[in-house]
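Per-entry structural report
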Amino acid sequence: MLNITRLPEPPSLIAYRQQPKAEYDGPQFTPVKKDIRTQLLISQGYLCAYCMERIIDDQFQTKVEHWKCQDNYPEAQLDYTNMFVVCLGKTQNNQHCDSSKGNQDLTINPANSIKKVESFIKYTRIGEIYVDDDDDISKDLNATLNLNNDRLKRNRKAVYDAINTRLSKIKGTATKKDLDDLLQKYSQSNADVHRIPRCGIAIYFLKKKKKKI
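The sections below set out a description of the structure shown in this document. (Residues numbered from 1 in each chain as written. Predicted model: local features only at pLDDT ≥ 70, side-chain atom pairs only at ≥ 80, totals over all residues. Heavy atoms only, no water.)

**Some remarks on the packing of aromatic side chains**
- Counted according to the given criterion, the structure contains six aromatic pairs.
- Both rings, one in Tyr204 and one in Phe205, keep their centres 5.0 Å apart while their planes meet at 80°; by these two values the pair is edge-to-face. For the pair formed by Tyr204 and Phe205, the shared burial category is buried.
- Pairwise contacts between aromatic rings join Tyr123, Tyr160, Tyr204 and Phe205 into one cluster.
- The residue whose ring lies beneath Arg6 is Phe84, and the NZ or CZ to ring-centre distance is 4.5 Å. (Phe/Tyr/Trp six-rings, centres within 6.5 Å; stacked < 30°, edge-to-face > 60°. Buried < 20%, exposed > 50% of the residue type's maximum accessible area, 1.4 Å probe, protein only. Lys NZ or Arg CZ within 6 Å of the ring centre and 35° of its normal.)

This is the structure we're talking about:
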């Protein structure tokens, strides 16, 4: 999971919200929803806000999700700061991300600027995502979002293995510059503002290695 800083909300949403009885997915909302999705996708580097899998600007292959669900918090349905773009959340017979979350509340928030997720989210070498000493967030990760299903763990492990393979090709011990170069690669977006899928696990382990130098 990655820290997310949203770009400013699209002007079309501001204008739509000023209409009488404006509601999410109401009349004339379709173009507004596209603007929201595009703006959030750029903010997120075209990665799902929860599992970091690649997502694209397509209404049939992604979802605009409400961190506080619309059913329980109707007053926040047009609040741009309450929205993320996420994957469809289906892995064979398992559901994850928003599809698993449904109307449940979350403690963890990738856009929290005070308690940034990258400061406390951890990973194991087999791709498991976890936190220390926080039962509520552990429940978010394992039950509510189901981020430790087998497929997602395998995908994250593949990134960890790729990092190790890259480092093993360096003669001698990796230097601080070697690690910084890799960190830059996994921390930044490319020219099309796309980030590397599941880059959070690479950033975590590279920073961990860097601390040992």
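From this point on, the discussion continues.
**Details of the packing of helix α6 (residues 176–187) against helix α7 (residues 199–211)**
- Closest axis-to-axis distance for the α6/α7 pair is 9 Å, and the angle between their directions is 160°. Considered as vectors, α6 and α7 are oriented roughly antiparallel to each other. Handedness of the crossing formed by α6 with α7: left-handed. Contacts from Lys176, Leu179, Asp180, Leu182, Leu183, Tyr186 and Ser187 of α6 reach α7 at Cys199, Ala202, Ile203, Leu206, Lys207, Lys209 and Lys210.
- When grouped by side-chain class, the residues that make up the contact of α6 with α7 number eight nonpolar, one polar and five charged. (Axes fitted to C-alpha atoms, helices over the stretch in contact; angles between N-to-C directions. Helix = DSSP H or I, 4+ residues; strand = E, 2+ residues; numbered from the N terminus. Parallel < 35°, antiparallel > 145°, perpendicular 65-115°, else oblique. Left-handed = near helix turned anticlockwise from the far one by under 90°. Contact = heavy atoms within 4.5 Å. Nonpolar A, V, L, I, M, F, W, Y, C, P; charged D, E, K, R; others polar.)

**Re the packing of helix α5 (residues 150–168) against α6**
- The interhelical angle for the contact between α5 and α6, taken along N-to-C directions, is 145°, at an axis separation of 12 Å. The handedness of the crossing between α5 and α6 comes out as right-handed. In this structure, α5 contributes Val159, Ile163, Arg166 and Leu167 to the contact, and α6 contributes Leu179, Leu182, Lys185 and Tyr186.
- Split into classes, the residues belonging to the contact of α5 with α6 amount to six nonpolar, no polar and two charged.

**Details of the pattern of salt bridges**
- If you walk through the whole model with that rule in mind, you get 13 salt bridges.
- A salt bridge links Asp57 to Lys34; the nearest nitrogen and oxygen atoms lie 3.9 Å apart. With Asp57 in the loop between α2 (30–43) and β1 (63–66) and Lys34 in helix α2, the pair connects residues that are 23 residues apart, well separated along the chain.
- Classification of Asp57 as partly exposed rests on a relative accessible area of 31%.
- On the basis of relative accessibility, which here comes to 43%, the residue Lys34 falls in the partly exposed class.
- With a closest N to O distance of 2.9 Å, Glu53 and Arg198 form a salt bridge. With Glu53 in the loop between α2 and β1 and Arg198 in the loop between α6 and α7, the pair connects residues that are 145 residues apart, well separated along the chain.
- Among the charged side chains, a network of salt bridges with common partners joins Lys34, Arg37 and Asp57. (Salt bridge = Lys/Arg side-chain N within 4 Å of Asp/Glu carboxyl O.)

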